[in-house]
Amino acid sequence: MTSQIIPVDPFDFIIFGGTGDLSERKLLPSLYHRQRDHQFSEPTRIIGTSRSKMSDDEFRAFARKAIEDHVAAEYIDPAEVDEFLGRISYVAADAVSGDGFEDLKAAIGDSTCIRAFYLAVAPALFGDISRNLEAHGLITPASRIVLEKPLGRDLASARELNDLIGRNFRESQIFRIDHYLGKETVQNLMALRFANALYEPLWNSAHVDHVQITVAETVGLEDRVTYYDKAGALRDMVQNHLLQLLCLVAMEAPSSMDADAVRDEKLKVLRALKRINGNEAPKHTVRGQYRAGASAGGPVKGYVEELGKDSGTETFVAIRAEIENWRWANVPFYLRTGKRLATRVSEIVIEFKPIPHSIFGDGAGPIFANQLVIRLQPDEGVKQFIMIKDPGPGGMRLRQIPLDMSFAQSFKGRAPDAYERLIMDVVRGNQTLFMRRDEVEAAWSWIDPIQQAWENARQEVQGYTAGTWGPSASIALIERDGRTWHEST
Ligand SMILES: NC(=O)C1=CN([C@@H]2O[C@H](COP(=O)(O)OP(=O)(O)OC[C@H]3O[C@@H](n4cnc5c(N)ncnc54)[C@H](OP(=O)(O)O)[C@@H]3O)[C@@H](O)[C@H]2O)C=CC1
Ligand SMILES: O=C1O[C@H](COP(=O)(O)O)[C@@H](O)[C@H](O)[C@H]1O
């Protein structure tokens, strides 16, 4: 699926948390793919750092294993792997005490090339790292800092985090990752809306009945027990990924793809989201938690059993959201996300209004409203559901069919991981697919009242069996409005 590869300027990529899970599963494999596609210019270097004492060769062995474990065999080219490993070195440094930062400085030397500090560590360390980078004179005008989620657990903590980083880095140097924005189909949403004249005239409350955004996972807790149980699905998925998707669907056309032009429009959407307060939360939101069931073909434990202790944390959320502006007045946006659901699928469904009058008699069968389904994963693509005449001599019978554009079928080749695109954008200094401070804070301003309403009213999590579509209350949430969730297949 890769298009023409344009090399980026030489850069130093410093991974804090270089020995961690994110580095192993995503960052090192993504950087390898960019090497393999010859996107690097010389001299590009990758420096891993964490507290563990390790030699360069030991970290190279870690990186080699990361590639072997997380890159498909057909893309492992021994010569490219060796060249990639040749770029890698390691420095032990403690983010809190600052020990080792002088060694890091020595390793980077007086290079003036682009310098990207990637913080793949717990957010509690962001402030310390930023402070130590400044104290040891490591921040140059060509430096950028990349922040991984979670960016706070509420508005107050997000502000605190942003203030800490803002002491040492300008906003134009800060790259807040939301990896959903790096997904191909998410960017395609912008292409679909703004590179086609077809949809935009219909993209409003006069023609759209409602919007559904589903991010369903089949995985459970995985290894992120401590983080997840403190976060829950609302903070983990809705505050960032689902709201970013909602913004891309709902925003006005930006004047250009310039980072601030796009982010200004997303911000307006976030600020126009109708607050869901304590009284409304039980009607407009659903919290769920999976119980034992079956997923991905086998029996699985419930959340509490997986966790090993009692917990009221939600692993499923459904929300009926509204955007209070002219374009979207009275058009509900139904959001849902959860772990251990029936299938892994992320998709956006735009359901258009039904036809105003049918010229066909009862014998023609039901006429379904047109739906545009944008599938983010798996099987990325776009389907436009329309009504046609059922072929054959059986008279005027109508039937719904999809006009189907599967990206895998249309574009051969490997689909790059979101991190590949995002890392290259960091190097290019392009912030279009990264969240600005005010966006993150506006998202928390909408999430906080929901979280508080849940806590104050003790809105219990409703159990759902693993391998299903969540609690029955989620179905009721949309059916109360006379609508149904799109059946993902
Ligand atoms: N893993 C994932 O898929 C995702 C992770 N994230 C986020 O990325 C961040 C990292 O996650 P993950 O890789 O899973 O975490 P891990 O626990 O696997 O890795 C943490 C890393 O931080 C290092 N570290 C810990 N304390 C210090 C310190 N005081 N100074 C320097 N380095 C330190 C650790 O090495 P050492 O102990 O040797 O110092 C290790 O390399 C988290 O904020 C997480 O929420 C976001 C999205 C997905
Ligand atoms: O950010 C996160 O995303 C993943 C889901 O990402 P995907 O690219 O696999 O759809 C989710 O599992 C995790 O809990 C969350 O922190």
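Since the model is a prediction, treat every value here as computed from it, not as a measurement.

Criteria and thresholds
- Residues numbered from 1 in each chain as written.
- Chains lettered and ligands numbered in written order.
- Predicted model: local features only at pLDDT ≥ 70, side-chain atom pairs only at ≥ 80, totals over all residues.
- Helix = DSSP H or I, 4+ residues; strand = E, 2+ residues; numbered from the N terminus.
- Rg over C-alpha atoms; globule rule 2.2 N^0.38 Å.
- Contact = placed C-beta atoms within 7 Å.
- Pairing = 2+ DSSP bridges.
- Axes fitted to C-alpha atoms, helices over the stretch in contact; angles between N-to-C directions.
- Near = placed C-beta within 6 Å.
- Nonpolar A, V, L, I, M, F, W, Y, C, P; charged D, E, K, R; others polar.
- UniProt positions renumbered as here; feature names shortened; annotations may be inferred.
- Buried ≥ 20, exposed ≤ 12 C-beta atoms within 10 Å, placed from the backbone.

**Some details on the overall build of the protein**
Scanning the protein from N- to C-terminus turns up 15 helices and 17 strands. By the compact-globule yardstick of 23 Å for 489 residues, the protein fits well, its C-alpha radius of gyration being 24 Å. Dimensions of the protein, computed from the C-alpha atoms along their principal axes, are close to 80 × 50 × 45 Å. Considering only residue pairs separated by 6 or more positions, the protein has 79% of its internal contacts joining residues 24 or more positions apart.

**Structural notes on the sheet that holds strand 6 (residues 174-176)**
If you walk across this open sheet you meet the six strands as 3-2-1-4-5-6, and the pairing is parallel. Every other strand in the sheet has two partners, leaving strand 3 (88-92) and strand 6 as the edge strands with one partner each. Sheet twist, expressed as the average angle between the axes of neighbouring strands with direction ignored, equals 20 degrees. Bridge count for strand 1 (residues 11-16) against strand 2 (residues 45-50) is five bridges, and the pairing is parallel. Paired with Asp-12 across the two strands is Arg-45, which belongs to strand 2. Where helix 2 (residues 56-70) meets the sheet, it contacts strand 2 and strand 3, and its direction lies at approximately 120 degrees from that of strand 3.

**Re the site of ligand 2**
Taken together, Lys-149, Glu-217, Asp-236, Met-237 and Ser-346 are the residues near ligand 2. Class assignment for the residues of the shell around ligand 2 results in one nonpolar, one polar and three charged.

**Quick look at the UniProt feature "binding site: NADP(+)" (unreviewed entry) in the protein**
When the UniProt feature table is mapped onto this chain numbering, "binding site: NADP(+)" (unreviewed entry) sits at Arg-51 and Lys-149. Looking at Lys-149, the number of C-beta atoms within 10 Å reads 20, which means it is buried. Those residues in contact with Lys-149, other than ones at most four positions away along the chain, are Ile-177 and Asn-240.

**Quick look at the site of ligand 1**
The environment of ligand 1 is made up of 23 residues, and the closest members are Gly-17, Gly-20, Ser-50, Arg-51 and Ala-95. If one sorts the elements of the shell around ligand 1 by residue count, helix 1 (residues 21-36) sits on top with three residues. Considering only residue class, the shell around ligand 1 consists of 11 nonpolar, six polar and six charged.

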